[in-house]
Amino acid sequence: MHASTGKGSKVKYSRVLFKISGEALMGSRPFGHDMEVIDQLCKDISDIYKLGVQVCIVVGGGNIFRGAYASLSGCERASSDYIGMLATIINALILQNFLEKNSVNSKVLSAIPMVTICEPYIRRKAIHHLKKGRVVIFAAGTGNPFFTTDTAAALRAVETNCDAILKGTQVNGVYSADPKKNEDAVMYDRLSYMDLLTRDLKVMDASAISLARENSIPIIVFSLKEEKIVNIVKGHGTYTIVSDCE
Ligand code: UDP
């Protein structure tokens, strides 16, 4: 599990799945994309790429479209979810462009085949790309309506044998309550999967947590703004780790 960086220092996780929500791409804008924020995010990814860490990315689409909201406004839920999945493909292509700008090779693999713009998702192909040193961006979630990109993140992490799921958020870990609304909220350093499920701590949806739990993949929750992903893969910095701890 402990990969050598080839430059003398060690990383704790040699293959990671980085879950990026659509919201993380919009910076302080109400929707869409903040290209400076995306560029910085891709620079941070290039830091771990240069260390030799194999990187998978699952990107959300909430900055463009969310199926659940659209269905409230009269669209059929399944149709809305397909539109949401298309939004994740847009984000995946934008990320790919900024990764390339930062000298990171990448491939977009979509669960909904769209063969003129990216590869269809094939598990063995994904693993092949990772071994060849390409960042793999999984687009279109699971390819099924009524799911989320959090579940897609857990699913792809399990399928590609990742050592950890890195969940970048707006806060620096998991708190007992919303720290923006409750000043008594405490941050946890470590939690079990069952803690997340039974206390309904809003980190990922229950199906994602269950998948990670069944396959013993730790979920590391950290702040995209305040922490560097390079510290996280070395096991440093501020974060909450969700694992099989008692
Ligand atoms: N979605 C879906 N199936 C999946 C993943 C995503 O139907 O496997 C749809 C769903 O409508 C969701 C939208 O795509 O609202 C965007 O994904 P998500 O809300 O997970 O994005 P994030 O919150 O991470 O930006």
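Residues numbered from 1 in each chain as written. Predicted model: local features only at pLDDT ≥ 70, side-chain atom pairs only at ≥ 80, totals over all residues. Heavy atoms only, no water.

S.K.: When you look at the packing of helix 1 (residues 35–50) against helix 3 (residues 77–101) in this model, what are you seeing that I'm missing?
M.R.: Remark: helix 1 packs on helix 3, axes separated minimally by 9 Å, with the N-to-C direction vectors making an angle of 60°. Judged on the interaxial angle alone, helix 3 and helix 1 are oblique. Between helix 1 and helix 3 lies a crossing of right-handed hand. Residue-level contacts link M35, I38, D39, L41, C42 and I45 of helix 1 to I94, L95, F98, L99 and K101 of helix 3. (Axes fitted to C-alpha atoms, helices over the stretch in contact; angles between N-to-C directions. Helix = DSSP H or I, 4+ residues; strand = E, 2+ residues; numbered from the N terminus. Parallel < 35°, antiparallel > 145°, perpendicular 65-115°, else oblique. Left-handed = near helix turned anticlockwise from the far one by under 90°. Contact = heavy atoms within 4.5 Å.)

S.K.: I would appreciate a short explanation of the state of the cysteines in the present structure.
M.R.: Cysteine pairs can be covalently joined through their sulfur atoms, and such a bond is termed a disulfide. A complete count under the given rule lists zero disulfides for this structure. C56 takes part in no disulfide bond, and the closest cysteine sulfur, belonging to C162, lies 3.8 Å away. C56 gets classed as buried once you look at its relative accessible area, which sits at 0%. (Disulfide = S-S within 2.5 Å. Buried < 20%, exposed > 50% of the residue type's maximum accessible area, 1.4 Å probe, protein only.)

S.K.: I tried to follow the site of the ligand on my own but got confused; where do I start?
M.R.: Within the structure, the ligand sits among 20 residues, and R66, D81, T142, N144 and T149 are positioned closest to it. In the model, an oxygen atom of the ligand is placed 2.6 Å from a nitrogen or oxygen of the R66 side chain. The dominant element in the shell around the ligand, judged by the number of residues it contributes, is helix 3, at three residues. Looking at the shell around the ligand residue by residue, the classes come out as five nonpolar, twelve polar and three charged. (Near = heavy atom within 4 Å. Polar contact = N/O pair within 3.5 Å; in protein donor to acceptor, adjacent residues only side chain to side chain. Nonpolar A, V, L, I, M, F, W, Y, C, P; charged D, E, K, R; others polar.)

S.K.: When you look at the environment of G27 in this model, what are you seeing that I'm missing?
M.R.: Positionally, G27 belongs in the loop between strand 3 (15–20) and helix 1. It is 19 Å that separates the C-alpha atoms of G27 and S46, two residues lying 19 residues apart in sequence. When neighbours within four sequence positions are excluded, G27 is seen to be in contact with D34 and V37.

S.K.: Looking at this model, I keep getting lost on helix 1. Mind explaining?
M.R.: Within an α-helix, residues lying three or four positions from one another point in the same direction, as the helix has 3.6 residues per turn. Here helix 1 contains 16 residues, and its C-alpha end-to-end distance of 22 Å stays within 8% of the 22 Å for a straight helix at 1.5 Å per residue. Turning to helix 1, its buried residues are I38, D39, L41, C42, D44, I45, S46 and I48. Residues of helix 1 that are buried sit in contact with strand 3, strand 4 (54–59), helix 3 and helix 8 (229–233). (Expected span 1.5 Å × (residues − 1).)

S.K.: Got a minute to help me understand the confidence of the model for the protein in this structure?
M.R.: The predicted structure's coordinates, where accompanied by low pLDDT, should not be read in detail. Looking at the protein as a whole, its pLDDT mean stands at 93, while 96% of the residues score no less than 70. Of the regions scoring below 50 in pLDDT, residues 1–8 engages in 17 contacts with residues more than four places distant in sequence or in other chains. (pLDDT = per-residue confidence, 0-100.)

S.K.: In this structure, what is going on with unusual backbone geometry? I would like to understand it.
M.R.: Note: most peptide bonds trans; most residues except glycine with negative phi. Phi angles above zero are rare outside glycine, and S103 is one such case at about 60°. Relative to the helices and strands, S103 resides in the loop between helix 3 and strand 5 (106–110). For S103, a relative accessible area of 62% corresponds to the exposed category. A positive phi angle is found at A140, which is not glycine, with a value near 70°. If you trace the backbone, A140 turns up in the loop between strand 7 (135–139) and helix 5 (149–159). A140 gets classed as buried once you look at its relative accessible area, which sits at 0%.

S.K.: I would appreciate a short explanation of the nonpolar core in the present structure.
M.R.: General note: in soluble globular proteins, nonpolar side chains tend to be found buried as a group. F18, I20, I57, L95, I137 and L166 are the most contacted members of the largest nonpolar core, which has 43 residues in total. Of all elements in the fold, only strand 3, helix 1, strand 4, helix 3, strand 7, strand 8 (164–169), strand 12 (219–223) and helix 8 reach the threshold of two or more residues within this core. In this structure I137 touches I57, V59, A92, L95, Q96, L99, S106, K107, V108 and L109, once residues within four positions along its chain are discounted. Within the second largest apolar cluster, 31 residues are counted, among which are L201, M204, I219 and V242. (Core = buried A, V, L, I, M, F, W, Y, C linked by side-chain atoms within 4.5 Å.)

S.K.: I would appreciate a short explanation of the side chain of D163 in the present structure.
M.R.: Counting through the fold element by element, D163 comes out in the loop between helix 5 and strand 8. Notably, D163 is buried but unbridged: the nearest opposite-charge side chain belongs to R15, and the N-O separation is 6.9 Å. Reaching out from D163, the side chain makes a polar contact with the backbone nitrogen of S14 at a distance of 2.9 Å. (Lys, Arg positive; Asp, Glu negative; His and termini not counted. Salt bridge = Lys/Arg side-chain N within 4 Å of Asp/Glu carboxyl O.)

S.K.: Quick question: what am I supposed to make of the packing of aromatic side chains here?
M.R.: Aromatic rings considered in pairs are described by the distance between their centres and by the relative angle of their planes. On inspection of all chains with the given rule, the structure shows two aromatic pairs. With a centroid separation of 6.2 Å and an interplanar angle of 25°, the aromatic rings of F18 and F222 are classed as stacked. Of the two residues, F18 sits in strand 3 while F222 sits in strand 12, which places them 204 residues apart along the sequence. Exposure remark for F18: the relative accessible area of 1% places this residue in the buried category. In this structure F222 comes out as buried when scored by relative accessible area, which is 1%. Here the aromatic rings of Y121 and F138 are separated by 5.6 Å at their centres, their planes lie at 75°, and the arrangement is edge-to-face. Highlighted residues: Y121 in the loop between strand 6 (119–120) and helix 4 (123–131) and F138 in strand 7, separated in sequence by 17 residues. R156 extends its terminal NZ or CZ atom over the ring of F138, reaching a point 5.8 Å from the ring centre. (Phe/Tyr/Trp six-rings, centres within 6.5 Å; stacked < 30°, edge-to-face > 60°. Lys NZ or Arg CZ within 6 Å of the ring centre and 35° of its normal.)

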